Amino acid sequence: MIMLKDKALLMALGLMLFLPLGIQASTPAIPDLLNHDVILLGERHDHPDHHINQAAWLNQIAKDGTVSLVMEMVSVAQMDRIKERPTNSDAWREALNWDESGWPDFEIYRPLFDVISQHELMILPGVMSVEPGTSFDQRLSQMRMAAGNPPNIPDSISSSVAEDVRVGHCDLLPEEMIAPMVEIQWLKDAFMAKQLRDGLAKSKRSVLIAGNGHTQGDTGVPVHLALLDTSLLAVVQQEGNQGGYGGDEDTIIITREIPMDDPCKSLRERFGKKKG
């Protein structure tokens, strides 16, 4: 595991107090960034610094050769609707109907789309699309096919992902929901891996923009790329001393902590408080 920190976090606390809350001091450099063919750049979706970092790394990568970019935020259906390539960030926002997509405010993703537009990068969807009203079994079947019919999830990974699902949903989910969510996560990762492989056949490098749970090496997309005869870099962005995501072979980027709204509130309202 390689851990790199924002320069601001290496400064004295007193100096950090003079940094405005909305400004990151710098993007941490990843020394061996360009030594890899497949690069996975993780994020907390609503953390603006994470997208600033991703944009800076992506710009560095794009300056060094052609790039196929897979984005978790972009679905097959969204890309299918685009008939003419957007030429700037605002055009991407409109073409993807971003404001209705359920992802965080486009403005924190704008740095990424600025780089995409500047270098005219090829975007590959990172999310499969299933027709509304499809039964769960049919949905899984369609997802398996779209993901290239991956092998069944190993028990060790299934157990780890199941625990991540429990913790990530505040230990409030009914137990019968865990296994299906683990299966869906496995298929999502398999699809992203397939898209990265397809992109690498057309470009010098393939890059993934996705949540940390997808980019981490122990259970995420890298598991599906283990047999790929190429060099892979998995990057996870953590906050302060919180820990969490990241495997032994991952590059861990430490950024400042930004408080988030209580992620358990809506789950408590839906499922009720878990009895002790």
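Refer to the structure printed above.
Residues numbered from 1 in each chain as written. Predicted model: local features only at pLDDT ≥ 70, side-chain atom pairs only at ≥ 80, totals over all residues. Heavy atoms only, no water.

1. Concerning the packing of aromatic side chains
- Tallied over the entire structure, the rule returns five aromatic pairs.
- Their ring planes at 80 degrees and their centres at 5.5 Å tell us that Trp-98 and Phe-106 sit as a pair that is edge-to-face. An identical accessibility class is assigned to Trp-98 and Phe-106; each is buried.
- Ring geometry for Trp-98 against Tyr-109: centres 5.0 Å apart, planes inclined by 55 degrees, an arrangement best described as tilted. Pair noted here: Trp-98 is in the loop between α5 (89–95) and α6 (106–119) and Tyr-109 is in helix α6, with a separation of 11 residues, a long-range link. (Phe/Tyr/Trp six-rings, centres within 6.5 Å; stacked < 30°, edge-to-face > 60°. Buried < 20%, exposed > 50% of the residue type's maximum accessible area, 1.4 Å probe, protein only. Helix = DSSP H or I, 4+ residues; strand = E, 2+ residues; numbered from the N terminus.)

2. Digging into unusual backbone geometry
- Positive phi is not limited to glycine here, since Glu-120 has a value of about 50 degrees.
- On the secondary structure map, Glu-120 appears in the loop between α6 and β4 (122–127).
- Take Glu-120: its relative accessible area is 62%, and that puts it in the exposed class.
- Unlike most non-glycine residues, Asp-171 shows phi in positive territory, near 55 degrees.
- Along the chain, the position of Asp-171 falls in the loop between α8 (155–168) and α9 (178–200).

3. Focus: the nonpolar core
- Counting 32 residues, the largest nonpolar core has Leu-58, Met-71, Phe-113 and Ile-116 as the members making the most contacts within it.
- At the level of elements, β2 (38–41), α3 (48–62), β3 (67–75), α6, β5 (205–209) and β6 (232–239) are the ones that each hand at least two residues to this core.
- Sort the elements by how many residues they give to this core and α6 lands first, with six residues.
- In contact with Phe-113, not counting residues within four places along its chain, are Met-71, Ser-89, Trp-92, Leu-96, Trp-98, Phe-106 and Ile-123.
- In this structure, Ile-153, Ala-162, Leu-173 and Val-182 belong to the second largest nonpolar core, which totals 17 residues. (Core = buried A, V, L, I, M, F, W, Y, C linked by side-chain atoms within 4.5 Å. Contact = heavy atoms within 4.5 Å.)

4. Looking at α6
- Its 14 residues give α6 an end-to-end C-alpha distance of 19 Å, which sits within 8% of 20 Å, the value for a rise of 1.5 Å per residue.
- Maximum bend of α6: about 35 degrees, positioned at Leu-112.
- Considered for burial, the residues of α6 that qualify are Phe-106, Tyr-109, Arg-110, Leu-112, Phe-113, Val-115, Ile-116 and Ser-117.
- Packed against the buried residues of α6 are α3, β3, α5, β4 and β5.
- The N-cap of α6, judged by a side-chain oxygen 2.8 Å from the amide nitrogen of Glu-107 a few residues on, is Asp-105. (Expected span 1.5 Å × (residues − 1). Bend = angle between axes of the 7 residues up to and from the residue. Polar contact = N/O pair within 3.5 Å; in protein donor to acceptor, adjacent residues only side chain to side chain.)

5. Structural notes on the pairing of strand β7 (residues 251–255)
- For β7, the tally of buried residues reaches five of five residues, placing the bulk of the element in the interior.
- Taking every second residue as pointing to the same face, both faces of β7 are buried, with Thr-251, Ile-253 and Thr-255 on one and Ile-252 and Ile-254 on the other.
- Pairing geometry for β6 and β7, over five bridges, is parallel. When the sheet's bridge partners are listed, Gln-237 is paired in β7 with Ile-253. (Pairing = 2+ DSSP bridges.)

6. Thoughts on the environment of Gly-220
- Structurally, Gly-220 can be placed in the loop between α10 (212–215) and α11 (221–224).
- Judged by its relative accessible area of 0%, Gly-220 is buried.
- Residues Gly-220 and Ala-193 lie 27 residues apart in sequence; the distance between their C-alpha atoms is 9.4 Å.
- Residue contacts for Gly-220: discarding those within four places in its chain leaves Asp-189, Gly-213 and His-214.

7. Brief notes about the side chain of Gln-54
- Positionally, Gln-54 belongs in helix α3.
- Classification of Gln-54 as buried rests on a relative accessible area of 0%.
- A polar contact is formed between the side chain of Gln-54 and the side chain of Glu-43, at a distance of 3.0 Å.
- Polar side-chain contacts of Gln-54 include one of 3.0 Å to the side chain of His-51.
- Apart from the residues lying within four places of it in its own chain, the contact partners of Gln-54 are Leu-41, Gly-42, Glu-43, Leu-112, Ile-209, Ala-210 and Gln-237.

8. Looking at the pattern of salt bridges
- A complete count under the given rule lists 13 salt bridges for this structure.
- Asp-49 is the salt-bridge partner of Arg-256, the closest N and O atoms lying 2.3 Å from each other. Highlighted residues: Arg-256 in the loop between β7 and α12 (265–271) and Asp-49 in helix α3, separated in sequence by 207 residues. Pair check on accessibility: Arg-256 and Asp-49 agree, each one buried.
- In this structure, Arg-166 and Glu-163 form a salt bridge, with 3.5 Å as the shortest nitrogen-oxygen distance. (Salt bridge = Lys/Arg side-chain N within 4 Å of Asp/Glu carboxyl O.)

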